[in-house]
Amino acid sequence: MRTKFSPSINVLRDEGQDFGYIETPNARRVAEEILSGERNGIQSFQLIGSYGTGKSAFLLALANALTGKSKHFGIKAAGKPPRVLSMVGEYRSLQSFLAEQLEVKTKHPAYQQVLDALHERYEKAEHLYLIIDEFGKFLEYAAKHDPEREMFFIQQLAEFVNKPGRRITLIVSLHQSIDAYGSSITTAQRMEWRKVQGRLRELPFNEPIEQLIHLAAAQLSKEKRALPKGLDLHRIARLVAEHHLFEDHSAKWTAEELVKLYPLDIAATHALTKGLQAYGQNERSLFTFLQAGGIKPRMGALAFGLPEVFDHLNSEFYSFL
């Protein structure tokens, strides 16, 4: 049974599963920054990337690698594996959410009780990772419900994690910077939000378009479709490069890579990926499309080209267009 790339990843539901994760240079860079940051005393991180760029898949792959359930990012098991607490954000108070997740029994727990419960989890492990996906939902709630109290707790959490000698790593994912979530609060409150933002190291997480094309090629090559006679994919790539159709196009695609993309040609792939970035959800929409089974050239055409891409975007995103 072939492994499929899931169009929608959940760090809780899919924990420990082999979901066909494909490492990218960008993902390896971010993983290395986290691992090296820990060695240098940096223990709190915020992954920032637009919708659907693969942050959830990365966090799940990292969690699986840390616990020895998969092999990614060069992480090798050495002694007792760390404990990983993976969570998905909700539109509510982070303090009450963590109190519930950490089973704090008090009805209205103080922030210190929540931190004490987290410390108990830490004491039972040699290294504790707290991974919170969709962290922006807590910030959206905080901006509208007692910003001072909510941001004070986040600040205390970051300071708790960042204490020297304490082997706890906090990783959260966001669609924009922490400061951007506070656009509706007062100037004084925004100053406090910026202090909190500075306690978590920013890690940009946006896959370049060429990397998405490589991922698409890896997915499509599993179909092992025969290339029809008369289709010169390399010539199409040369024309794209010669006429500068895409400013971020690379002319270094090998014949083997171009064949892997079939039934897409490189021009159609670029246009499709850019269109999905503009109107869909980047990587998630791209792989949803690839798995939908509708990648078939029109009658008389040798490849799924620009006309087919136009028809697909016009059909799926008509309201946006």
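As shown above, the structure is provided for reference.
First, a word on what this report is: a plain description of the structure on this page. Please read all numbers here as calculations on a predicted model, not as lab measurements.

What to know about the overall build of the protein chain
Thinking step 1. Each helix and strand in the protein chain was counted, giving 13 helices and five strands.
Thinking step 2. The 321 residues of the protein chain split such that 50% are buried.
Thinking step 3. Residue pairs in contact within the protein chain that sit at least 24 positions apart in sequence constitute 74% of those at least 6 positions apart.
Thinking step 4. For the protein chain, the accessible surface area stands at approximately 16100 Å², while carbon and sulfur atoms represent 51% of it.

Brief notes about the packing of aromatic side chains
Thinking step 1. For the structure on display, the rule yields six aromatic pairs.
Thinking step 2. Ring centres of Phe-58 and Phe-205 lie 5.2 Å apart, and the angle between their planes is 45°; this geometry places the pair in the tilted category. With Phe-58 in helix 2 (residues 55–66) and Phe-205 in the loop between strand 5 (201–204) and helix 8 (209–220), this residue pair connects regions lying 147 residues apart in the sequence. Both residues of the pair, Phe-58 and Phe-205, belong to the buried class.
Thinking step 3. Relative to Tyr-141, the ring of Tyr-91 lies with its centre 5.4 Å away and its plane at 80°, an arrangement referred to as edge-to-face. Highlighted residues: Tyr-91 in the loop between strand 2 (83–88) and helix 3 (94–101) and Tyr-141 in helix 5 (residues 136–144), separated in sequence by 50 residues.
Thinking step 4. Judged by relative accessible area, which is 43%, Tyr-91 ranks as partly exposed.
Thinking step 5. Each member of the aromatic cluster is reached from another via a ring pair, and the members are Phe-58, Phe-73 and Phe-205.
Thinking step 6. Directly above the aromatic system of Phe-160 lies the positively charged group of Arg-166, at a separation of 4.2 Å from the ring centroid.

Quick notes on helix 6 (residues 147–161)
Thinking step 1. Between its first and last C-alpha atoms helix 6 spans 21 Å; for 15 residues at 1.5 Å apiece the expected length is 21 Å, and the two agree.
Thinking step 2. Those residues of helix 6 not exposed but buried are Pro-147, Glu-150, Met-151, Phe-153, Ile-154, Gln-155, Gln-156, Leu-157, Ala-158, Phe-160 and Val-161.

Re the packing of helix 1 (residues 25–39) against helix 2
Helix packing for two helices is described by the angle between their axes and how far apart those axes are.
Thinking step 1. Packing of helix 1 against helix 2 leaves a shortest axis separation of 11 Å and a crossing angle of 55°. Considering the angle they form, helix 1 stands oblique to helix 2. Crossing hand, helix 1 versus helix 2: right-handed. For the pair formed by helix 1 and helix 2, the contact residues are Ala-27, Val-30, Ala-31, Ile-34 and Leu-35 on the first element and Phe-58, Leu-62 and Leu-66 on the second.
Thinking step 2. Residue composition of the contact of helix 1 with helix 2, grouped by class: eight nonpolar, no polar and no charged.

About the thresholds
Residue indices follow the written sequence of each chain, beginning from 1 at its first position. Confidence filtering applies because this is a predicted model: local features only for residues at pLDDT of at least 70, side-chain atom pairs given and counted only at 80 or more, and all residues used for totals across whole chains, interfaces and linings. Remark: hydrogens and water are excluded; side-chain values derive from all non-hydrogen atoms of the structure. Counting from the N terminus, the helices are the DSSP runs of H or I reaching at least four residues and the strands are the DSSP runs of E reaching at least two. Buried, partly exposed and exposed residues are distinguished by accessible area as a fraction of the type maximum, computed with a 1.4 Å probe on protein chains only: under 20%, between the cut-offs, and over 50%, respectively. Any pair of residues with heavy atoms lying within 4.5 Å of one another is described as a contacting pair. The method behind every accessible area is Shrake-Rupley, applied with a 1.4 Å probe, and residues are considered shielded solely by the protein chains displayed. The aromatic pairing rule takes the rings of Phe, Tyr and Trp, using the six-membered ring of Trp, and pairs them if the centres are within 6.5 Å, calling planes under 30 degrees apart stacked, those over 60 edge-to-face and the rest tilted. Put simply, a charge is over a ring when the Lys NZ or the Arg CZ is close to the ring centre, within 6 Å, and near the line of the ring normal, within 35 degrees. By this rule the span expected of a helix is its residue count minus one, scaled by 1.5 Å. Orientation is described by axes fitted as lines to C-alpha atoms, over the contacting stretch for helices, and by angles from 0 to 180 degrees between their N-to-C directions. By the definition adopted for this analysis, an angle is roughly parallel if under 35 degrees, roughly antiparallel if over 145, roughly perpendicular if from 65 to 115, and oblique otherwise. By definition, any crossing whose near helix is turned counterclockwise from its far helix by less than a right angle is left-handed, and any crossing with a clockwise turn is right-handed. Classification used: nonpolar for Ala, Val, Leu, Ile, Met, Phe, Trp, Tyr, Cys and Pro, charged for Asp, Glu, Lys and Arg, polar for all others including Gly.

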